[in-house]
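Given next are the chains, with one letter for each unit.
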Amino acid sequence: MVLHTGAEQEKAAPERERSAATREPDAAAGRDARADGDVAVEPDRPDAPPTVRRRPGPSRRLVVVLLVLGWLAGVAWRVWLSRSVQMPIAHTDEDSYLNAARVFAGGPGGYSSENSVLRRAGYQLLISPAFLGDHSFTTSYGLVRLINAMVNAALLPLAYLLGTRVLRVSRWPALGIAAVAATMPATVFYSLFALTDSVLAALTVAWILLLAAWLRRPNRPLAAFGASAAAGAYYLIHVRGTVVLAVHLAVVLVWVVRRRAGLRPLGVVLATAAAAVVLNEVLIRLLDGKLALAGSDPGGSTLRALLSTKGAGFVLASLATQTWYVLVITGGLAALGWFAAARLALGRRTDPAQRWLALAALAATVGVALGCALILVGVPSATRDAAYARYIHAFAPLWMVYGLAVVFRARRRALLTGYAVAAALTAAGGGFVAWRLSDAVRHGSPLRYGVFGAPDLMAMTAGWTSIRPLVGTAVSLAVGTAVVLLARFRWGWQPVLAAVVAGHLAMMGLLADRVLAPLSVSLSPTPTLAQLGLREGESVATSSAYHLGIRLNQEHSITWMSVPNFVSQPPASADVVVARWYPQPGARHSWDWDGTKYGYHRIGGNPDQHWSLWRRND
């Protein structure tokens, strides 16, 4: 299979027409039937794309209508999935982004778990309009999720364009592929929270699309600006964008050195990239002094950990686990995309635009996975995770689209051989993860497993309390095999892709009911501070030593001020104090805060959640 940037089709079209016209009649006997009636003709050159005779597909107007309706339905579905979540759950990342967004909207600051080295401010700026106006935090939080849903659901049209314009899949199958990518839990799940992950999958596909457009017309400044703006936006939103921007600049420099692009587009690219870096610094300066940074800067601890045997082992294990994760959530199909991209990157007769687009996609994926492992190796808590896929998940929809394009376009023998290798890699990865889990248990340090590390694995394996890598591998390969075998038939691809989409919908429904709803209940302070009589404008302080998530959610509801935190003695200006409460006998009873020593009286609270509200004596 050959992936396309577009220009090579225009150049090769007359030659393909002549080739098809002179083809022997009996050569068509072995042709594969393509989806929606396309028929592929084997080319004379082994690396040339097959000639495709297209039967009538949907009109462009119908496609636009379907994509708009699909996007609207995707937005509504995502909003509906988050219906039970009224307060943040993904502490402390959500709190950091929300408090910074409130500052950008002119409000007070608050807590942030970020560090001074890896800070980015683009996502906070994106969601800051949700905090404009005089409304409650619950309303603002709902608007944040609406913004997330609008961007996240844009993956549907973006995946469709990737399929048709870059991978040359015909329209009906491309719509099905886009629906599969846009409903993947690896993407949808994070849109239900105030997390950068909610927008990165769509931005990943947008960057590849715009880079392909620039590679097709490298001397057009507008194309250079579009691709660079996408890479710059990635940089603004998360530290992963450093890898994407570096890869993007490397591709541009190669094309300039090889005189495929002039100095004018190079200037546009460098100016756009510099603007993104400068803008991030400016935004961070605007936040200075308004957020209490609690994160630790990576430094010597990371280097020491990396140079140790244990640290190096963690990096390798993290790379293997992230690779297996992408394979298992895509039914092994992502590997088909990797194989096709690698063939383009290494092929001698590959069109240069194809080669460098493939190299960019592969380099960004590997770079982000490696960067994740290097960053986390110095974080003791992270090294105990059984699977931490939050960094790499943004590339899963991209490779799902690539893999499905291979299913629809590759020759049958190459497809079956490629998928056999992909299945072997997936099975090997599952075996490695299972061995790693058992080895950790044998050494008395079992690995941690949480919903934000790999939510789709929970749903697809019913592993609500423990990770089940072998079950996940079996389910994944069963689905992937069905797709590979059935999608080649004219009327086989529709039901099999519809079944995959239905599976994604069911998995997200399970996650909403089994994970989000219980977490929302457990992390929502009851009663609310307003129900206990807290009035807007009162000076409030909170104590340490009770559940951090509950405390931060209480601070979010105090929209008129940045809430200080104390250990024993509250600030002199505090009219109201929310403090730890441990009335039950036991080891923590000594932690109980006695406000009477400081001139306060208790109004109420929740001893089960270990907090109470105190008001200063008149």
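Residues numbered from 1 in each chain as written. Predicted model: local features only at pLDDT ≥ 70, side-chain atom pairs only at ≥ 80, totals over all residues. Heavy atoms only, no water.

Peer 1: It is not clear to me how the overall build of the protein should be interpreted in this structure. Could you clarify?
Peer 2: A tally of helices and strands in the protein yields 22 helices and 9 strands. For the protein, with 618 residues in total, the buried portion stands at 55%. Long-range pairs, those at least 24 residues apart, make up 75% of the contacts in the protein between residues at least 6 apart in sequence. (Helix = DSSP H or I, 4+ residues; strand = E, 2+ residues; numbered from the N terminus. Buried < 20%, exposed > 50% of the residue type's maximum accessible area, 1.4 Å probe, protein only. Contact = heavy atoms within 4.5 Å.)

Peer 1: Any chance you could explain the pattern of salt bridges here in plain terms?
Peer 2: A side chain of one charge can pair with a side chain of the opposite charge when the charged atoms of the two come close. All chains considered together, the criterion is met by 12 salt bridges. What you see here is one network of salt bridges that share partners, running through Glu114, Arg119, Glu281, Arg285 and Asp288. (Salt bridge = Lys/Arg side-chain N within 4 Å of Asp/Glu carboxyl O.)

Peer 1: When you look at helix 20 (residues 469–486) in this model, what are you seeing that I'm missing?
Peer 2: Given 3.6 residues to a turn, an α-helix orients residues that are three or four positions apart in the same direction. For helix 20, which comprises 18 residues, the first-to-last C-alpha distance of 26 Å matches the rise-based estimate of 26 Å (1.5 Å per residue) to within 8%. When helix 20 is considered as a whole, its buried residues turn out to be Pro469, Gly472, Thr473, Ser476, Leu477, Gly480, Val483 and Val484. The buried residues of helix 20 all sit within an arc of 130° when viewed along its axis, so they share a single face. Buried residues along helix 20 sit in contact with helix 14 (309–329), helix 15 (333–346), helix 17 (396–409), helix 18 (412–442), helix 19 (455–461) and helix 21 (493–522). (Expected span 1.5 Å × (residues − 1). Arc of directions from axis to C-beta.)

Peer 1: Help me understand the sheet that holds strand 7 (residues 576–580), please; the structure alone is not making it clear to me.
Peer 2: Strand pairing in a sheet relies on backbone hydrogen bonds. The paired strands run either parallel or antiparallel. Ordered in space as 6-5-7-9-8, the 5 strands form an open sheet in which the pairing is mixed. The open sheet has two edge strands, strand 6 (565–566) and strand 8 (600–606), and neither has a second partner. Pairing of strand 7 with strand 9 (residues 611–616), which is carried by 5 bridges, proceeds in the antiparallel orientation. Its bridge partner being in strand 9, Arg580 is matched across the sheet by Trp611. (Pairing = 2+ DSSP bridges.)

Peer 1: How should the environment of Leu126 be read in this particular structure?
Peer 2: Counting through the fold element by element, Leu126 comes out in helix 4 (residues 122–127). Each C-alpha atom of the pair Leu126 and Ala101 lies 8.0 Å from the other, and the pair is 25 residues apart in sequence. Discounting chain neighbours no more than four positions away, the residues touching Leu126 are Ile147 and Val199.

Peer 1: In this structure, what is going on with the nonpolar core? I would like to understand it.
Peer 2: What tends to happen in soluble globular proteins is that the nonpolar side chains get buried as a cluster. Counting 158 residues, the largest nonpolar core has Leu162, Trp207, Trp214 and Trp399 as its most contacted members. For Leu162, the contacting residues outside a window of four places in its chain are Leu167, Val205, Ile208, Leu209, Leu398, Val401 and Tyr402. Core analysis: the second largest hydrophobic core is formed by 14 residues, Val540, Ile558, Trp611 and Leu613 among them. (Core = buried A, V, L, I, M, F, W, Y, C linked by side-chain atoms within 4.5 Å.)

Peer 1: Would you mind going over the environment of Leu143 with me for this structure?
Peer 2: Position of Leu143 relative to the elements: it lies in helix 5 (residues 137–153). Take Leu143: its relative accessible area is 32%, and that puts it in the partly exposed class. For Leu143 and Pro129, which are 14 residues apart along the polypeptide, the C-alpha to C-alpha distance reads 8.5 Å. When near neighbours in sequence (up to four residues on either side) are disregarded, Leu143 contacts Ala130 and His135.

Peer 1: Looking at this model, I keep getting lost on the packing of helix 3 (residues 93–104) against helix 22 (residues 548–557). Mind explaining?
Peer 2: When two helices pack together, their arrangement is given by the angle between their axes and by how far apart the axes lie. For the pair helix 3 and helix 22, interaxial distance at closest approach is 11 Å and the crossing angle is 15°. Looking at the two axes, helix 3 sits roughly parallel to helix 22. Both helix 3 and helix 22 take part in a crossing whose hand is left-handed. Together, Asp95, Leu98, Asn99 and Arg102 of helix 3 and Leu552, Glu555 and His556 of helix 22 make up the contact between the two elements. Among the residues forming the contact of helix 3 with helix 22, the class breakdown is 2 nonpolar, 2 polar and 3 charged. (Axes fitted to C-alpha atoms, helices over the stretch in contact; angles between N-to-C directions. Parallel < 35°, antiparallel > 145°, perpendicular 65-115°, else oblique. Left-handed = near helix turned anticlockwise from the far one by under 90°. Nonpolar A, V, L, I, M, F, W, Y, C, P; charged D, E, K, R; others polar.)

Peer 1: Can you walk me through the packing of aromatic side chains in this structure?
Peer 2: Working definition: an aromatic ring pair is given by the centre-to-centre distance plus the angle between the planes. In the structure shown here, the tally under the stated rule is 16 aromatic pairs. Ring geometry for Tyr582 against Trp591: centres 5.7 Å apart, planes inclined by 85°, an arrangement best described as edge-to-face. On the accessibility criterion, Trp591 (39% relative accessible area) is partly exposed. Members of the aromatic cluster, joined through ring pairs, are Phe566, Trp593, Tyr598, Tyr600 and Trp614. Of note, Arg240 hangs over the ring of Tyr391, and the distance from its end group to the ring centre comes to 4.9 Å. When the ring centre of Trp255 is taken as origin, the NZ or CZ atom of Arg260, which lies over that ring, is 5.6 Å away. (Phe/Tyr/Trp six-rings, centres within 6.5 Å; stacked < 30°, edge-to-face > 60°. Lys NZ or Arg CZ within 6 Å of the ring centre and 35° of its normal.)

Peer 1: Even after reading the chapter, I still don't get a nonpolar patch on the surface, so can you show me in this structure?
Peer 2: Residues Val64, Val65, Val68, Leu69 and Leu72 make up a contiguous nonpolar surface patch of about 420 Å² in total accessible area. For Val64, the location among the structural elements is in helix 2 (residues 60–81). Overall, the relative accessible area of 49% leaves Val64 in the partly exposed class. (Patch = residues over 30% accessible without salt bridge, like charges linked within 9 Å, V, L, I, M, F, W, Y side chains within 5 Å. Areas by Shrake-Rupley, 256 points an atom, 1.4 Å probe, with all protein chains shown as cover.)

Peer 1: Please clarify how the side chain of Glu94 should be interpreted in this entry.
Peer 2: Counting through the fold element by element, Glu94 comes out in helix 3. The side chain of Glu94 sits in the buried core without any salt bridge; Arg145 is the nearest counter-charge, 6.4 Å away. If sequence neighbours within four positions are ignored, Glu94 has contacts with Pro88, Ile89, Tyr141, Phe193, Ala194 and Leu195. (Lys, Arg positive; Asp, Glu negative; His and termini not counted.)

Peer 1: Could you clarify how one ought to interpret the side chain of Arg615 in this entry?
Peer 2: The residue Arg615 is located in strand 9 in this model. Within the structure, Arg615 has its side chain in polar contact with the backbone oxygen of Gly533 (distance 3.1 Å). Beyond its immediate chain neighbours, meaning those up to four positions away, Arg615 contacts Gly533, Leu534, Arg535, Glu538, Asp575, Val576, Gly599, Tyr600, His601 and Ile603. (Polar contact = N/O pair within 3.5 Å; in protein donor to acceptor, adjacent residues only side chain to side chain.)

Peer 1: Quick question: what am I supposed to make of the confidence of the model for the protein here?
Peer 2: Do not read the fine detail of predicted coordinates wherever pLDDT is low. Mean pLDDT over the protein works out to 87, with 89% of the residues at or above the 70 mark. Under a pLDDT of 50 for its full length, residues 4–54 has, in the predicted model, 104 contacts with residues more than four places off or in other chains. (pLDDT = per-residue confidence, 0-100.)

Peer 1: Quick question: what am I supposed to make of unusual backbone geometry here?
Peer 2: Keep in mind that most residues, glycine aside, have a negative phi and that most peptide bonds are trans. Omega for the bond connecting His91 with Thr92 falls within 30 degrees of zero, at 10°, which places this linkage in the cis form. By the secondary structure assignment, Thr92 is in the loop between helix 2 and helix 3. A cis geometry characterises the amide bond from Thr526 onward to Pro527, with omega recorded as -5°. The residue Pro527 is located in the loop between helix 21 and strand 5 (540–543) in this model. One non-glycine residue with positive phi stands out, namely Arg168, at about 60°. Topologically, Arg168 is positioned in the loop between helix 6 (155–166) and helix 7 (171–182). A positive phi angle, close to 75°, is found at Ala545, a residue other than glycine. Within the secondary structure layout, Ala545 lies in the loop between strand 5 and helix 22. By relative accessible area, Ala545 is classed as partly exposed at 33%.

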